[in-house]
Protein chains: 2
Amino acid sequence: MLSKDDSGSEQPVIRRLGALRRLSEAGAAAIKDAVRERIVKAAAGEDLVCEGDRCENVRVFLSGWAYRYKTLEDGRRQIVSFILPGDTCDAYIYLLSAMDYSIATLTPVSYAELDRGAFERLMSADISVAEAVHCETLAERAIRCEWAINLGRRDALERVAHIICELFERLRVVGLVNGNSFAFPVTQMDLADAAGLSTVHLNRTLQELRSAGLITLRDRSLTILDLQALSSTAMFNPNYLHLHRG
Amino acid sequence: MLSKDDSGSEQPVIRRLGALRRLSEAGAAAIKDAVRERIVKAAAGEDLVCEGDRCENVRVFLSGWAYRYKTLEDGRRQIVSFILPGDTCDAYIYLLSAMDYSIATLTPVSYAELDRGAFERLMSADISVAEAVHCETLAERAIRCEWAINLGRRDALERVAHIICELFERLRVVGLVNGNSFAFPVTQMDLADAAGLSTVHLNRTLQELRSAGLITLRDRSLTILDLQALSSTAMFNPNYLHLHRG
DNA sequence: CGGCTGATTGATCCCGGTCAAATGAGGTGG
DNA sequence: CCACCTCATTTGACCGGGATCAATCAGCCG
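Given the structure is predicted, the values throughout are model-derived calculations rather than measurements.

**Student:** Any chance you could break down helix H3 (residues 116-125) of chain B for me, citing the residues and the numbers?
**Tutor:** All names here are of chain B. Every buried residue of H3 is listed here: Ala118, Phe119, Leu122 and Met123. End-on view of H3: buried residues confined to an arc of 130 degrees, all on one side of the axis. With respect to the buried face of H3, the exposed residues turned more than 90 degrees away are Arg121, Ser124 and Ala125.

Structure (structure tokens):
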């Protein structure tokens, strides 16, 4: 059941997993099939899952941006990671009894929903697929690890620069950048919650990045004016993304 | 090849995995066998792996404390997680080409080293084992997620209290607490690097916890005097540890 | 005894938080 | 077309948590 809009919508998944590990042709085909089965769409600004919900399906994101977050009782919120097209949202998650974080959308999104059966069928269909999925799990953990040092040890400017560098690399892999520009559907409030800063200070930090000639950010579009300089102020080292086939 | 000292050394692994998911008897036996094959020991204060090293073996920790960390070029360091007895250090890690973090020991440790063959044999030996290992991967990610909100959104007092609560729960599962006390082989420097604080401020924060009657910490031994109060100042909710069979 | 590592204390400074208000950009209903 | 509302961004003023610098103290080991 493939509508015209969806044709090719599985491309980001193939690109993402293929960057982590070489996919066999059979593997790529198995992914395409699995990901066409049950496609769900959601609007911007919606919660897809909430902390405490039962875990049932593995989600494979096809288009749009989302993020994982946690909140404290008193409302403080931390965005824990961004979810981009091609990302798989929690292999084997159905083994747990309750979600330990929430997912919200930043833009309209579409994703494939795989129940336990569908996911396990995909994992056993082809070794290269299983390996790529395991790699993605490891890569996603590595991202959270890098976020820990980001939040714990980088100052505001370095932190925001780092988040931008990471998003740029991840979007590049799935073909969502245009030169050094990309759509950036993140409000300053959201970005502040990802960087562990207040919105006020985040705003000032962005201005600092702008006036240093590192980025442009207008109308939800971000341009990196000097990637070299941005990377080095962030002390960004892309190895942790594991995007070059191990 | 089991020396007298090692008899029963696999217990923490069984307890840890068994807390995450019910293990069949065959599964428990398979774990015990796998974990006895090749046991490695290391002294306190050693690096077991460094960022950038090749990834070869999966490690299953049997005794002692270690931690994962990352450093920035200028020496700033962030401890990203503590590794306790029973923890598995990175299922499928051999699929990646280079480690994205380092591991160092806090005490003498012993761990089982599983090469790719041994690990895959274990995973296919018994479904309950494979599921438990996947659960552990998910639980470990959840821990990093919680650490993100810890570093990004909790203040110093809450942060340190949270780390203590988490360690207490994790040690309890593997039987390493004695009432509300446990061995705590972490220097203030290390704890500061886990909490994203300076050692000076960490020291003052510990004093605050002590003078509030929440903990005692002397001679590498920590006692929680008021678990209720400590949990609530930390806003600690143990669900993310997934220790109650899903 | 001297040297080393880790814990503690004091004094000072500054990054980033908080509070408050203004500006701007859509969006909607009259 | 305008009045009005909401949401996001921006700016200013002030404050405080935690960093930094520097010294002292306490064990421990050779």
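**Student:** Go over the sheet that holds strand E10 (residues 215-218) of chain A with me, naming the residues and quoting the values.
**Tutor:** Residues and elements named next belong to chain A. The strand order across the open sheet built from 3 strands is E9-E11-E10, with neighbouring strands paired in antiparallel fashion. Bordering the open sheet on either side are strand E9 (181-183) and E10, each of which pairs with just one other strand. Between one strand and the next, the sheet's axes are offset by a mean angle of 15 degrees, whatever the strand orientation. The sheet contact formed by E9 and strand E11 (residues 221-224) spans 3 bridges and is antiparallel. Paired with Ser181 across the two strands is Thr223, which belongs to E11.

**Student:** Explain the protein's contact with DNA strand C to me, and be specific about the residues and the numbers.
**Tutor:** Residues in contact with DNA strand C amount to 17 residues; listed here are only the nearest, Gln188, Asn203, Arg204, Gln207 and Arg220 of chain B. The protein-proximal atoms of DNA strand C, defined as those within 4 Å of the protein, are 63% sugar or phosphate. Between DNA strand C and Ala156 of chain A, the relevant distance is 3.0 Å, taken from a phosphate oxygen to a main-chain nitrogen or oxygen of the residue. At 2.8 Å from a phosphate oxygen of DNA strand C is found a side-chain nitrogen or oxygen belonging to Asn203 of chain B. Counting residues per element, the ones that place at least two in the surface near DNA strand C are helix H7 (199-211) of chain A together with helix H6 (188-195) and helix H7 (199-211) of chain B. A per-element tally of the surface near DNA strand C places H7 of chain B first, with 5 residues. In terms of residue class, the surface near DNA strand C is built from 5 nonpolar, 7 polar and 5 charged.

**Student:** Which residues make up the packing of aromatic side chains, and what values do they have?
**Tutor:** Residue and element names in this part refer to chain A. Considering all chains together, one arrives at 22 aromatic pairs over all chains under this definition. On the numbers, 6.0 Å between centres and 80 degrees between planes, the contact of Trp65 with Phe184 is edge-to-face. Of the two residues, Trp65 sits in the loop between strand E3 (58-63) and strand E4 (66-71) while Phe184 sits in the loop between E9 and helix H6 (188-195), which places them 119 residues apart along the sequence. In terms of burial, Trp65 and Phe184 fall into one category: buried. Here Phe182 and Phe184 contribute two aromatic rings whose centre-to-centre distance is 6.1 Å and whose plane-to-plane angle is 65 degrees, an arrangement assigned as edge-to-face. The burial state of Phe182 is the same as that of Phe184; both residues are buried. By the ring-pair criterion, three or more aromatic residues cluster together here, those being Trp65, Phe82, Trp147, Phe168, Phe182 and Phe184. Looking at Arg77, its charged tip hangs above the ring of Tyr69, at a distance of 5.7 Å from the centre.

About the criteria used
- Residues numbered from 1 in each chain as written.
- Chains lettered and ligands numbered in written order.
- Predicted model: local features only at pLDDT ≥ 70, side-chain atom pairs only at ≥ 80, totals over all residues.
- Heavy atoms only, no water.
- Buried < 20%, exposed > 50% of the residue type's maximum accessible area, 1.4 Å probe, protein only.
- Helix = DSSP H or I, 4+ residues; strand = E, 2+ residues; numbered from the N terminus.
- Arc of directions from axis to C-beta.
- Pairing = 2+ DSSP bridges.
- Axes fitted to C-alpha atoms, helices over the stretch in contact; angles between N-to-C directions.
- Near = heavy atom within 4 Å.
- Polar contact = N/O pair within 3.5 Å; in protein donor to acceptor, adjacent residues only side chain to side chain.
- Nonpolar A, V, L, I, M, F, W, Y, C, P; charged D, E, K, R; others polar.
- Phe/Tyr/Trp six-rings, centres within 6.5 Å; stacked < 30°, edge-to-face > 60°.
- Lys NZ or Arg CZ within 6 Å of the ring centre and 35° of its normal.

Everything listed here is a matter of coordinates, which is why it stays silent on function.
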